[in-house]
Amino acid sequence: MKIIAIVVFIAVILLIMTERVHRTAAALAGAVTLVLTGVMTADKALSYIDFNTIGMLVGMMILVAIIRKSGMFEYIAVRSAKAVHGDPWKIMVAFVLITAVLSSILDNVTTVLLVGPMTIAIARMLDINPVPFLMTQILASNIGGTATLIGDPPNIMIGSAAGLSFTDFLANTGVCVIFVMLALLLMMRIFYKKQVESGDIDTERVMALDPDKSISDRALMNKGIAVIILTIIGFIFHDKIGVDSAVIALTAAAVMLLISHQDVDEAISGVEWTTIVFFMSLFVVVGGLTETGVIKSLSTLVINMTNGHPVVTMVVLLWVSAILSSFLDNIPFVATLIPLVLAMQSAGMDVEPLWWAISLGACLGGNGTMIGASANVVLSDISTKHGYPITFQSYLKTGMPFMLVSVGISMVFLLVKFAV
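The structure displayed is predicted, hence computed values, not measured ones.

S.K.: Requested: an account of the overall build of the protein, with residues and values cited.
M.R.: Check the secondary structure of the protein and you find 22 helices and zero strands. Taken along the three principal axes of its C-alpha coordinates, the protein extends 65 × 50 × 45 Å. Classification of the 420 residues of the protein by burial places 53% in the buried group. Here the analysis covers contacts within the protein between residues at least 6 apart in sequence; of these, 81% occur between residues at least 24 apart. Just so you have it, the protein exposes about 17,200 Å², and 66% of that area is on carbon and sulfur atoms. Averaging the coordinates of the 22 positive side-chain charges in the protein and doing the same for the 27 negative ones gives two points 5 Å apart.

Listed below in structure tokens is the structure:
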């Protein structure tokens, strides 16, 4: 069964990479194959689907689809462009910082769903390609999520298991993220210099624009802003009030459907159902590796390779977490590492550096490929749907080099902090 699970996973990844078939078709075929071959039952396969993630995606997509009709995103786009006098680089920096900060307190997917439409609106207004802007936002969303306890699910899991606080994360991953963000801005300047500067930007035309004319329904926009603020508050305190983030997102969607007086069929059709099916199928494909013990075997192998040496273990865990998280869902991988690290702690080993290595590796590793994190898939699909395709290969050319650089920075940070 292990062999079948591994073969199916590799086949799905290769099909996605070569783009011979649509990634959703590849993932769905892989999920069905695991059930038909008896690797797991249908009920077991469904149990590996993270319905909290799926529910949150659906809820936020409906919310954004309704609010978009108010013209709010175009309004923010015009205001932003005028604030920096239409300078595309300043716009990119501003949106990178906004994305990173929001991702540190919100879910990454929610952030890109809110920021993505604004970016496309700005790019169209300036007559430039939005892909460089969207790519930097994808990377920034995963960086921002690394900074705090609530920014990314692996951090929540690690914080709970290790008893680490919000300030502990800020003092460790938060500090490291500052250096990673600087590297992001520098690398994106190098990667996208020609593309960003190739646009024929009419500064006077930009400054002459009236943001208020972008608003098509002010009442709807005001309702949308109120619901977004309440939703953000809900996400920040969801663990304290005992409500899952999916419930908060779906509640926000339901409220907007009730108070917006918009066409319900049209609003629900705004959900990226192709993306939803892809995620559900990919959860099952990765679940096959978990079900057959492949991920657990990989985790045990990592620990055995280092013979329990603290610094070596820290570095190995960082890189292995990053590389595997580029292709696998980091949640089950981190879940299998936690008991092993706790066992090492019981044996008397100082494991604090290991927690930060796993966090930085698992979160930043998601930037490596287009399927490495939820935000990557969602924003690339939105970009493609608007006529600006981001393919697996085109993403890889930017995402993988940056991921390697960011993890390299993290390694230096960890070595200076814990080994020097």
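S.K.: Can you tell me about a nonpolar patch on the surface, naming the residues and giving the values?
M.R.: The grouping of Ile-225, Ile-229, Leu-230, Ile-233, Phe-237 and Ile-241 at the surface amounts to a nonpolar patch, some 560 Å² of accessible area in total. Among the elements that make up the nonpolar patch, the one with the highest residue count is helix α12 (residues 218-236) (four residues). Summarising the element assignment, Leu-230 is placed in helix α12. On the basis of relative accessible area, Leu-230 is assigned to the exposed category, the value being 60%.

S.K.: Quick one: what's the story with the environment of Gly-408, residue by residue and with numbers?
M.R.: In this structure, Gly-408 sits in helix α22 (residues 392-418). Expressed as a C-alpha distance, the spacing of Gly-408 and Ile-323, which sit 85 residues apart in the sequence, is 12 Å.

S.K.: Describe the environment of Asn-129, naming the residues involved and giving the relevant values.
M.R.: Position of Asn-129 relative to the elements: it lies in the loop between α7 (108-126) and α8 (131-146). Expressed as a C-alpha distance, the spacing of Asn-129 and Met-280, which sit 151 residues apart in the sequence, is 31 Å. If near-sequence neighbours (up to four positions away) are discounted, Asn-129 is found in contact with Ala-123, Gln-195 and Tyr-388. Side-chain polar atoms of Asn-129 contact the backbone nitrogen of Val-131, separated by 3.0 Å.

S.K.: Let's hear about the pattern of salt bridges: which residues, and what values?
M.R.: Counting across every chain of the model gives four salt bridges. Residue Lys-69 pairs with Glu-266 through a salt bridge whose shortest N-O separation is 2.5 Å. Of this pair, Lys-69 sits in the loop between α4 (51-68) and α5 (72-83) while Glu-266 sits in helix α15 (residues 264-268), and the two are 197 residues apart along the sequence. Glu-272 serves as the salt-bridge partner of Lys-385, at 3.6 Å between the closest nitrogen and oxygen. Of this pair, Lys-385 sits in helix α21 (residues 374-385) while Glu-272 is found in the loop between α15 and α16 (273-291), placing the two residues 113 residues apart along the sequence. Its relative accessible area of 52% is what places Lys-385 among the exposed residues. In this structure Glu-272 comes out as buried when scored by relative accessible area, which is 13%.

S.K.: Before we move on, can you summarise α21 with the specific residues and values?
M.R.: Over its twelve residues, α21 runs 17 Å from end to end, which matches the ideal 16 Å to within 8%, given 1.5 Å per residue. Taken together, the buried positions of α21 are Ala-375, Asn-376, Val-377, Val-378, Leu-379, Ser-380, Asp-381, Ile-382 and Ser-383. For α21, the elements touching its buried residues are α2 (23-36), α4, α7, α8, α16 and α22. Count one or two residues on from α21 and you reach Gly-387, which has phi positive near 95°.

S.K.: Go over unusual backbone geometry, please, and point to the residues and values.
M.R.: For His-261, which is not glycine, the phi torsion reads 60° and is therefore positive. Position of His-261 relative to the elements: it lies in the loop between α14 (245-259) and α15.

S.K.: Give me the nonpolar core: which residues, what numbers.
M.R.: Counting residues in hydrophobic clusters, the biggest one holds 137 residues, and the most contacted among them are Leu-184 and Val-378. Residues within four places of Val-378 in sequence aside, it is in contact with Leu-57, Met-61, Val-109, Val-112, Leu-113, Thr-275 and Phe-279.

S.K.: I'd love a proper account of the packing of aromatic side chains, names of residues and values included.
M.R.: One pass over the full model with this rule turns up three aromatic pairs. Considering the side-chain rings of Phe-169 and Trp-356, the 4.9 Å spacing of their centres and the 90° angle between planes classify their relative orientation as edge-to-face. Highlighted residues: Phe-169 in helix α10 (residues 166-197) and Trp-356 in helix α20 (residues 352-364), separated in sequence by 187 residues. A relative accessible area of 1% means that Trp-356 is categorised as buried. When the ring centre of Phe-278 is taken as origin, the NZ or CZ atom of Arg-23, which lies over that ring, is 5.9 Å away. Here the guanidinium or amino end of Arg-189 rests over the ring plane of Trp-89, the centre of that ring lying 4.5 Å away.

S.K.: An account of the environment of Val-101 is needed here, citing residue identities and associated values.
M.R.: Among the secondary structure elements, Val-101 is positioned in helix α6 (residues 88-105). A sequence separation of 50 residues divides Val-101 from Gly-151, and the C-alpha atoms of the two residues are 9.6 Å apart.

S.K.: Pulling in residues and values, what's your account of the packing of α8 against α21?
M.R.: Look at α8 against α21: their axes get within 9 Å of each other, and the N-to-C directions meet at 165°. The orientation of α8 with respect to α21, classified from their angle, is roughly antiparallel. The interaxial crossing formed by α8 with α21 has right-handed handedness. Seen from α8, the contacting residues are Val-131, Leu-134, Gln-137, Ile-138, Ser-141 and Asn-142; seen from α21, they are Ala-375, Asn-376, Leu-379, Ser-380 and Ser-383. Across the contact of α8 with α21, the residue classes tally to five nonpolar, six polar and no charged.

S.K.: Residues and numbers for the packing of α4 against α12, please.
M.R.: Between α4 and α12, the shortest axis-to-axis distance is 10 Å and the interhelical angle comes to 155°. Between α4 and α12, the angle is such that the two are roughly antiparallel. As for how α4 packs across α12, the hand of that crossing is left-handed. Mapping the contact onto sequence places Met-56, Met-60, Leu-63, Ile-66 and Ile-67 in α4 and Leu-220, Gly-224, Val-227, Ile-228, Thr-231 and Phe-235 in α12. Tallied by class, residues from the contact of α4 with α12 come to nine nonpolar, two polar and no charged.

How each quantity is defined
- Residues numbered from 1 in each chain as written.
- Predicted model: local features only at pLDDT ≥ 70, side-chain atom pairs only at ≥ 80, totals over all residues.
- Heavy atoms only, no water.
- Helix = DSSP H or I, 4+ residues; strand = E, 2+ residues; numbered from the N terminus.
- Buried < 20%, exposed > 50% of the residue type's maximum accessible area, 1.4 Å probe, protein only.
- Contact = heavy atoms within 4.5 Å.
- Areas by Shrake-Rupley, 256 points an atom, 1.4 Å probe, with all protein chains shown as cover.
- Lys, Arg positive; Asp, Glu negative; His and termini not counted.
- Charge placed at Lys NZ, Arg CZ, Asp CG, Glu CD.
- Patch = residues over 30% accessible without salt bridge, like charges linked within 9 Å, V, L, I, M, F, W, Y side chains within 5 Å.
- Salt bridge = Lys/Arg side-chain N within 4 Å of Asp/Glu carboxyl O.
- Polar contact = N/O pair within 3.5 Å; in protein donor to acceptor, adjacent residues only side chain to side chain.
- Expected span 1.5 Å × (residues − 1).
- Core = buried A, V, L, I, M, F, W, Y, C linked by side-chain atoms within 4.5 Å.
- Phe/Tyr/Trp six-rings, centres within 6.5 Å; stacked < 30°, edge-to-face > 60°.
- Lys NZ or Arg CZ within 6 Å of the ring centre and 35° of its normal.
- Axes fitted to C-alpha atoms, helices over the stretch in contact; angles between N-to-C directions.
- Parallel < 35°, antiparallel > 145°, perpendicular 65-115°, else oblique.
- Left-handed = near helix turned anticlockwise from the far one by under 90°.
- Nonpolar A, V, L, I, M, F, W, Y, C, P; charged D, E, K, R; others polar.

Function cannot be read off these values alone, since they describe shape.
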